[in-house]
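Per-entry structural report
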Amino acid sequence: AQRVTQPEKLLSVFKGAPVELKCNYSYSGSPELFWYVQYSRQRLQLLLRHISRESIKGFTADLNKGETSFHLKKPFAQEEDSAMYYCALRYRDDKIIFGKGTRLHILP
Amino acid sequence: DAGITQSPRYKITETGRQVTLMCHQTWSHSYMFWYRQDLGHGLRLIYYSAAADITDKGEVPDGYVVSRSKTENFPLTLESATRSQTSVYFCASSEPWTSQETQYFGPGTRLLVL
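Residues numbered from 1 in each chain as written. Chains lettered and ligands numbered in written order. Predicted model: local features only at pLDDT ≥ 70, side-chain atom pairs only at ≥ 80, totals over all residues. Heavy atoms only, no water.

Notes on the interface of chain A and chain B
The figure often quoted for interface size is the accessible area lost as the parts come together. Contact residues are listed per partner, giving 20 residues for chain A and 24 residues for chain B. Around 1900 Å² of area is buried between chain A and chain B when both sides are counted, 49% of it from carbon and sulfur atoms. The interface formed by chain A and chain B includes zero salt bridges. Counting across the interface, chain A meets chain B through five residue pairs in polar contact (both at pLDDT 80 or more). Counting only elements with at least two residues in the side of chain A that touches chain B, the list comes to β5 (32-38), β6 (45-49), β9 (83-91) and β10 (95-98) of chain A. Class assignment of the residues belonging to the side of chain A that touches chain B gives a composition of nine nonpolar, two polar and nine charged. (Contact = heavy atoms within 4.5 Å. Buried area = accessible area lost by both parts, 1.4 Å probe. Salt bridge = Lys/Arg side-chain N within 4 Å of Asp/Glu carboxyl O. Polar contact = N/O pair within 3.5 Å; in protein donor to acceptor, adjacent residues only side chain to side chain. Helix = DSSP H or I, 4+ residues; strand = E, 2+ residues; numbered from the N terminus. Nonpolar A, V, L, I, M, F, W, Y, C, P; charged D, E, K, R; others polar.)

Structure representation (structure tokens):
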């Protein structure tokens, strides 16, 4: 069965320090993976997808099929990065499953 | 972002009552989704719809009913609300296999069942 695991519920990082939000997935097919972000009092929005291999707001994520991971990274955390982050796996007819989310708290 | 809206934004109801949450999108996206967001569970898919008159169950469909008579609307009905259905509900839409193949989310409906 498909599964997305985000092992950390809360991650606190000092401003300027590197950030890594972990995401592991379980899927027998070819995965399509996404990171979504939800800032305080705002709706969920797409941050980036592995197909695009893009960098958004300084964040990057590389799909590692060997480790079945799609960790989100940023070299230098900023206070505005504080938010809830969800890793998501898309499969079959655009069904998407989400991880439980990680709350990123940037400390001043 | 005004392309997908939800109403009401906040709702308090009592156990056993029927509640309908509305979702409307202006993009004519084929797919629409309903999720609930709970602490410790993240986002869970309740129902989704691939087109008008086509709906399918997600992970947690029990106690919910959906319909999709028009492409732009995807109401979610709690037939007899229970306290366990207290949650934040998000509607989303998408058009897969196009440049817009991301899900766009509504602002959410916060539901409290007493």
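Next comes the rest of the write-up.
Regarding the layout of surface pockets
Approximately 850 Å³ is the volume attributed to the largest pocket. Forming the boundary of the largest pocket are 33 residues, of which Gln38 and Arg103 of chain A together with Gln37, Val88 and Arg110 of chain B lie nearest the centre. When contributions to the lining of the largest pocket are tallied by element, the ones reaching two or more residues are β9 and β11 (102-107) of chain A together with β4 (31-38), β9 (87-94) and β11 (109-113) of chain B. Its residues assigned to classes, the lining of the largest pocket shows 11 nonpolar, 14 polar and eight charged. (1 Å grid on protein atoms, 1.4 Å probe; cavity = no way out; pocket = protein on both sides within 12 Å on 5 of 7 lines; lining within 4 Å. Points joined across faces, edges and corners; volume = space filled by probe spheres on them.)

Some details on the environment of Pro108 of chain A
All names here are of chain A. When you line up the elements, Pro108 lands in the segment after β11. The exposure class of Pro108 is exposed, given its relative accessible area of 77%. Along the sequence, Pro108 and Phe14 sit 94 residues apart, while their C-alpha atoms lie 6.1 Å from each other. In this structure, Pro108 is in contact with Phe14 and Glu79, ignoring residues within four places of it in sequence. (Buried < 20%, exposed > 50% of the residue type's maximum accessible area, 1.4 Å probe, protein only.)

Observations concerning the packing of aromatic side chains
Considering all chains together, one arrives at 13 aromatic pairs over all chains under this definition. Taken together, a centroid distance of 6.1 Å and an interplanar angle of 15 degrees make the contact between Phe33 of chain B and Tyr48 of chain B stacked. Of this pair, Phe33 of chain B sits in strand β4 while Tyr48 of chain B sits in strand β5 (residues 42-51), placing them 15 residues apart in sequence. Assessed through its relative accessible area of 0%, Phe33 of chain B is described here as buried. When the centroid spacing of 5.9 Å and the interplanar angle of 65 degrees are considered together, the rings of Tyr64 of chain B and Tyr89 of chain B count as edge-to-face. One end of the pair, Tyr64 of chain B, is in strand β7 (residues 64-66); the other, Tyr89 of chain B, is in strand β9, and 25 residues separate them in sequence. Relative accessible area serves as the criterion here: at 4%, Tyr64 of chain B is assigned to the buried category. Of the residues examined, Tyr89 of chain B reaches a relative accessible area of 0% and is grouped as buried. An aromatic cluster of three or more residues is present, and its members are Phe34, Tyr36, Tyr86 and Phe98 of chain A together with Tyr31, Phe33, Tyr35, Tyr48 and Phe105 of chain B. The aromatic ring of Phe74 of chain B is capped on one face by Arg68 of chain B, whose charged end is 6.0 Å from the ring centroid. (Phe/Tyr/Trp six-rings, centres within 6.5 Å; stacked < 30°, edge-to-face > 60°. Lys NZ or Arg CZ within 6 Å of the ring centre and 35° of its normal.)

Keep in mind these values describe shape, not function.
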